[in-house]
Amino acid sequence: MGFDTTLYLTMLITLAVIMDPPGQVPLFLSLVGHRPPAVRNRAAWQAPAVSFLVITVFAIAGNAILNYLHIGIPALQGAGGLLLLLVALQLLTGLGNAGNPQSVSDDVNVALVPLGTPLLAGPGAIAAVIVNVGQADGATSAYLAIGAAIVSIHIILVLVLRFSTVLIKILGIGGITLMAKIAGLLLAAIAVQLIADSIKGFIAAG
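In this convention, every chain numbers its residues from 1, walking through the sequence in written order. Totals for whole chains, interfaces and linings use all residues, but because this is a predicted model, local features are given only for residues with pLDDT of at least 70 and pairs of side-chain atoms are given and counted only at 80 or more. The side-chain quantities take in all heavy atoms of the structure and omit both hydrogens and water.

Enquirer: What should I look at first to understand the overall build of the chain in this one?
Expert: Going along the chain from the N terminus, every DSSP run of H or I of four or more residues is numbered as a helix, and every run of E of two or more is numbered as a strand. Scanning the chain for helices and strands turns up eight helices and zero strands. For the chain, the α and β elements follow one another from N to C terminus as α-α-α-α-α-α-α-α. Here the C-alpha atoms of the chain give a radius of gyration of 18 Å, agreeing with the 17 Å that 2.2 N^0.38 yields for 206 residues. Projected onto its principal axes, the C-alpha positions of the chain cover 50 × 40 × 25 Å. Our radius of gyration is a C-alpha quantity, and the globule rule it is checked against amounts to 2.2 Å times the number of residues to the power 0.38.

Here it is, written out as structure tokens:
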């Protein structure tokens, strides 16, 4: 059966670049920094868990799902961009900060959307997985390598997000608020780029 180490490393690096674990830290803290420690710690593993579930589903049946729904990658990029833009506007306008009490259901939803998807399991990561699975051409070693890479990147994400909460003690409420504004600006730029890529994709597809 074997194991394709080269494909594993290639896939792991690709997902690491796309999902950018260190780059998720300011976004993660800006969304959960004002919440109780228990909520932050829960979100640190819930968000990667949601991402893992979404990416695994698309790895197994991504092409079938997209073909059945007549959805292309540009549509995923556009939807993800619009959703991220809404989150960016909330961060920039201060909605969801410490002055606005959050219920338990709201806390869970933050781990689901936007943390789990589309921040972690975004259009780029989904597209990369679908393409690599399609190129595996039925080789068991390739499937094992892709699966191992998906598991590995999510373990890294859990560790990075879990230990990022230590920064809260250093930054304080003022630092988290400032980080939220910066993260909102960066997130807005990412959202606009996704929407632009979506438009380019639709134009290229004719």
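The discussion continues.
Enquirer: How should I be thinking about the environment of Gly23 in this particular structure?
Expert: Note that Gly23 resides in helix H2 (residues 21-32). For each residue, the accessible area found with a 1.4 Å probe, counting protein chains only, is set against the maximum for its type, and the residue is called buried under 20%, exposed over 50%, and partly exposed in between. For Gly23, a relative accessible area of 26% corresponds to the partly exposed category. Taking the C-alpha atoms as reference points, Gly23 and Ala183, separated by 160 residues in sequence, lie 9.6 Å from one another.

Enquirer: Hey, could you run me through the environment of Leu194 in this one?
Expert: Checked against the element boundaries, Leu194 lands in helix H8 (residues 167-204). Sequence separation between Leu194 and Gly78 is 116 residues, and the spatial gap between their C-alpha atoms is 6.2 Å. Contacts are assigned to residue pairs that have any heavy atoms within 4.5 Å of one another. Beyond its immediate chain neighbours, meaning those up to four positions away, Leu194 contacts Gln77, Gly78, Gly80, Gly81, Leu84 and Pro123.

Enquirer: Can you help me understand the environment of Val87 in this one?
Expert: Tracing the chain through its elements places Val87 in helix H4 (residues 73-93). Classification of Val87 as buried rests on a relative accessible area of 6%. Sequence separation between Val87 and Ala191 is 104 residues, and the spatial gap between their C-alpha atoms is 9.5 Å. Look past the residues within four positions of Val87 in its chain and what remains in contact with it is Leu31, Pro114 and Leu187.

Enquirer: Can you help me understand H4 in this one?
Expert: Because an α-helix packs 3.6 residues into every turn, residues spaced three or four apart end up facing the same way. Here the expected length of a helix is defined as 1.5 Å per residue gap, with one fewer gap than residues. The terminal C-alpha atoms of H4 lie 30 Å apart, and with 21 residues this matches the ideal 30 Å at 1.5 Å per residue to within 8%. Burial in H4 covers these residues: Pro74, Gln77, Gly78, Gly80, Gly81, Leu84, Val87, Ala88 and Leu91.

Enquirer: Explanation requested: empty space enclosed by the protein in the structure shown.
Expert: The rolling of a water-molecule-sized probe over the atoms marks out the regions of remaining empty space. Cavities and pockets were defined on a 1 Å grid built from protein atoms only: a cavity is a group of points that admits a 1.4 Å probe but offers it no way out, a pocket is an open group of points flanked by protein on both sides within 12 Å along at least five of seven lines, and a lining residue is one with an atom within 4 Å of any such point. Grid points are joined across faces, edges and corners, and a volume is the space filled by probe spheres set on the points. What the rule picks out here adds up to one cavity of 30 Å³ or more. Empty space within the largest cavity amounts to approximately 40 Å³. If you trace the largest cavity, you find it lined by Gln24, Leu27, Phe28, Ala47, Leu115, Leu119, Leu120 and Leu161. Side-chain classes follow a simple rule in which Ala, Val, Leu, Ile, Met, Phe, Trp, Tyr, Cys and Pro form the nonpolar group, Asp, Glu, Lys and Arg form the charged group, and the remainder, Gly included, forms the polar group. Residues of the lining of the largest cavity, tallied by class, amount to seven nonpolar, one polar and no charged.

Enquirer: When you look at the packing of helix H3 (residues 37-69) against helix H6 (residues 123-136) in this model, what are you seeing that I'm missing?
Expert: Helix axes are fitted to C-alpha atoms over the stretch in contact, other axes to C-alpha atoms as well, and angles between N-to-C directions run from 0 to 180 degrees. At a minimum axis separation of 9 Å, H3 and H6 run at an interaxial angle of 70°. Judged by the angle between their axes, H3 and H6 are roughly perpendicular. Handedness of the H3/H6 crossing: right-handed. Contact residues: Val54, Ile55, Phe58, Ala59, Gly62, Asn63 and Leu66 in H3; Ala125, Ile126, Val129, Ile130 and Val133 in H6. Of the residues that constitute the contact of H3 with H6, the class distribution is ten nonpolar, two polar and no charged. Oblique is the label for any angle not covered by the other classes, which are roughly parallel (under 35 degrees), roughly antiparallel (over 145) and roughly perpendicular (65 to 115). For any helix crossing, the convention is left-handed if the near helix is rotated counterclockwise from the far helix by under a right angle, and right-handed if that rotation is clockwise.

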